[in-house]
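Structural overview for review
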Amino acid sequence: MKKIFVIFIALLFTTVHSYAGTFKADAKTKRVAAGTQFQLQFLQPVSTSSGSEGDFFTAVIKNELKADSTIILPVGTIVRGSISSVKTAKRFSRGAKLYLDFDHVVTPNGRQIPLDLSVTSYDKIYYDGGLYKNLGYGEAVKQNYDRGVEITKNAAEYGLSVQDSHPGLQYLTTPICAVGGFFGGVGYFIGDSVADMFRRGQDVFIKEGDILNVSLINPIDVPVY
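Summarised in this report is the structure supplied together with it. This is a predicted model, so every value here is computed, not measured. (Residues numbered from 1 in each chain as written. Predicted model: local features only at pLDDT ≥ 70, side-chain atom pairs only at ≥ 80, totals over all residues. Heavy atoms only, no water.)

Moving on to the overall build of the chain. When its secondary structure is counted, the chain shows three helices and 15 strands. Counting all 225 residues of the chain, 31% fall into the buried class. For the chain, contacts bridging at least 24 residues in sequence account for 66% of all contacts bridging at least 6. Only carbon and sulfur atoms are counted for the fraction: they give 60% of the accessible area of the chain, which is about 13900 Å². (Helix = DSSP H or I, 4+ residues; strand = E, 2+ residues; numbered from the N terminus. Buried < 20%, exposed > 50% of the residue type's maximum accessible area, 1.4 Å probe, protein only. Contact = heavy atoms within 4.5 Å. Areas by Shrake-Rupley, 256 points an atom, 1.4 Å probe, with all protein chains shown as cover.)

The side chains of a regular strand alternate, first on one face of the sheet and then on the other. Side chains of strand S2 (residues 37-42) alternate between two faces, with Phe38, Leu40 and Phe42 buried and Gln37, Gln39 and Gln41 left unburied. Bridging between S2 and strand S14 (residues 211-216) involves five bridges; their strand directions are antiparallel. Pairing of Leu40 across the sheet is with Leu212, part of S14. Relative to strand S4 (residues 56-61), S2 runs antiparallel, the two sharing three bridges. The partner of Gln41 across the bridge, within S4, is Val60. (Pairing = 2+ DSSP bridges.)

Time to look at the environment of Asp210. Its location among the elements puts Asp210 in the loop between strand S13 (205-206) and S14. Residues Asp210 and Phe42 lie 168 residues apart in sequence; the distance between their C-alpha atoms is 5.7 Å. Discounting residues that sit within four places of it in the chain, Asp210 has contacts with Leu40, Gln41, Phe42 and Phe205. At 2.8 Å, the side chain of Asp210 forms a polar contact with the backbone nitrogen of Lys207. (Polar contact = N/O pair within 3.5 Å; in protein donor to acceptor, adjacent residues only side chain to side chain.)

To continue, consider the nonpolar core. Inside soluble globular proteins, nonpolar side chains tend to come together where they are buried. Leu40, Phe42, Leu100, Phe102, Leu117 and Ile220 are the most contacted members of the largest nonpolar core, which totals 32 residues. Contacts of Leu40, omitting those with residues within four sequence positions, involve Ala59, Val60, Ile61, Val79, Phe102, Leu117, Asp210, Ile211, Leu212 and Val214. (Core = buried A, V, L, I, M, F, W, Y, C linked by side-chain atoms within 4.5 Å.)

We now examine the pairing of strand S6 (residues 70-73). Bridge count for strand S5 (residues 65-67) against S6 is three bridges, and the pairing is antiparallel. In the strand pairing of S6, Ala67 is matched with Thr70. In this antiparallel pair of consecutive strands, S5 and S6, the connection spans two residues, and Asp68 shows a positive phi of 55 degrees.

Inspection of every chain in the model, using the stated rule, returns four aromatic pairs. Seen from their ring centres, Tyr126 and Tyr132 are 6.0 Å apart, and the 85 degrees between their planes marks the pair as edge-to-face. The class for Tyr132 is buried, based on a relative accessible area of 9%. In textbook terms, an aromatic cluster arises when at least three aromatic residues are bridged by ring pairs, as seen for Phe42, Phe57 and Phe102. (Phe/Tyr/Trp six-rings, centres within 6.5 Å; stacked < 30°, edge-to-face > 60°.)

Before going further, it helps to spend a moment on the side chain of Ser215. Structurally, the position occupied by Ser215 is in strand S14. A residue is classified by how much of its surface remains accessible, and Ser215, at 10% relative accessible area, is buried. A distance of 3.3 Å separates polar atoms of two side chains, one belonging to Ser215 and the other to Gln37. The contacts of Ser215, once residues within four sequence positions are left out, are Gly35, Thr36, Gln37, Asp116, Leu117, Ser118 and Thr120.

Okay, the pattern of salt bridges next. Counted according to the given criterion, the structure contains two salt bridges. With a closest N to O distance of 2.8 Å, Asp221 and Arg31 form a salt bridge. Taken together, the residues Asp221 in strand S15 (residues 220-224) and Arg31 in strand S1 (residues 28-32) connect sequence positions 190 residues apart. What makes Asp221 partly exposed here is its relative accessible area of 33%. Across the salt bridge formed by Asp210 and Lys207, the nearest N and O atoms sit 3.8 Å from each other. We classify Asp210 as partly exposed; its relative accessible area is 23%. Overall, the relative accessible area of 52% leaves Lys207 in the exposed class. (Salt bridge = Lys/Arg side-chain N within 4 Å of Asp/Glu carboxyl O.)

The analysis is restricted to geometry; functional conclusions fall outside its scope.
This is the structure we're talking about:
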C-alpha cells in the first residue's frame, strides 16, 4: 500500500511539473524599456488642499505603447497610484508639494504589474520629484522684481510710442513715463514683497482630465498572447 502511495505522489508531481513547464513555455512577454515616455490622464482630481498621504487615484494611458510593432499597452490602459506625501502650503509664500507614487498598471488581460514612474512635465518639479507651484519667499521676491522691471519697461515703451501719432513728442513723454513706471515698479515690488511675507504659498492641483507626461524608471515585462 505504501509503495502504491509513493508511486501516486511521484506521478502527480511529474504531471504538475509537466503542466507548469508547458505554461511557462507558452507565456510570452514584451518589455517596455526604462525611460519610455508616455502620457497619463487623471480620472479624478488630486490636490494638496484636499488630498492626504495614502489617498488613491486612477489614471489612463493616452498613447499606446508598442514593442516590435506590437501594441502591448493600448490607449485607456489603467494605471493606479496613491499620494505618497503632501507638504502643505505655509506663510512666507512657501508653496505646497505633492508627491505621487504610481503603483501598478493593469494589462489588457487583467494582470497587475508593479511599475515606477516619474513625472516629467509640470509647472515645477522639485529635485526629489515633488510637484509644486512656488517654492518660497525668495522666489516670490524675484518674481516681484521681474514684474517691477516689466512695469517700468512697459511705461517707457508707452511714452515712446506717441511718436507714431505725434512725432517729436516722445522726447517729453518717454522720460516722464519712464520715471512714472520706475516709481510704479518700485511700489509694486515693495508692496507685494511685504504682502508675500503673510501670504500662503500656492497649492498643487491636478484636475480631473489633466494630462501629465511621465517616464518609466524601471523596465516592465508585459504578458502578451
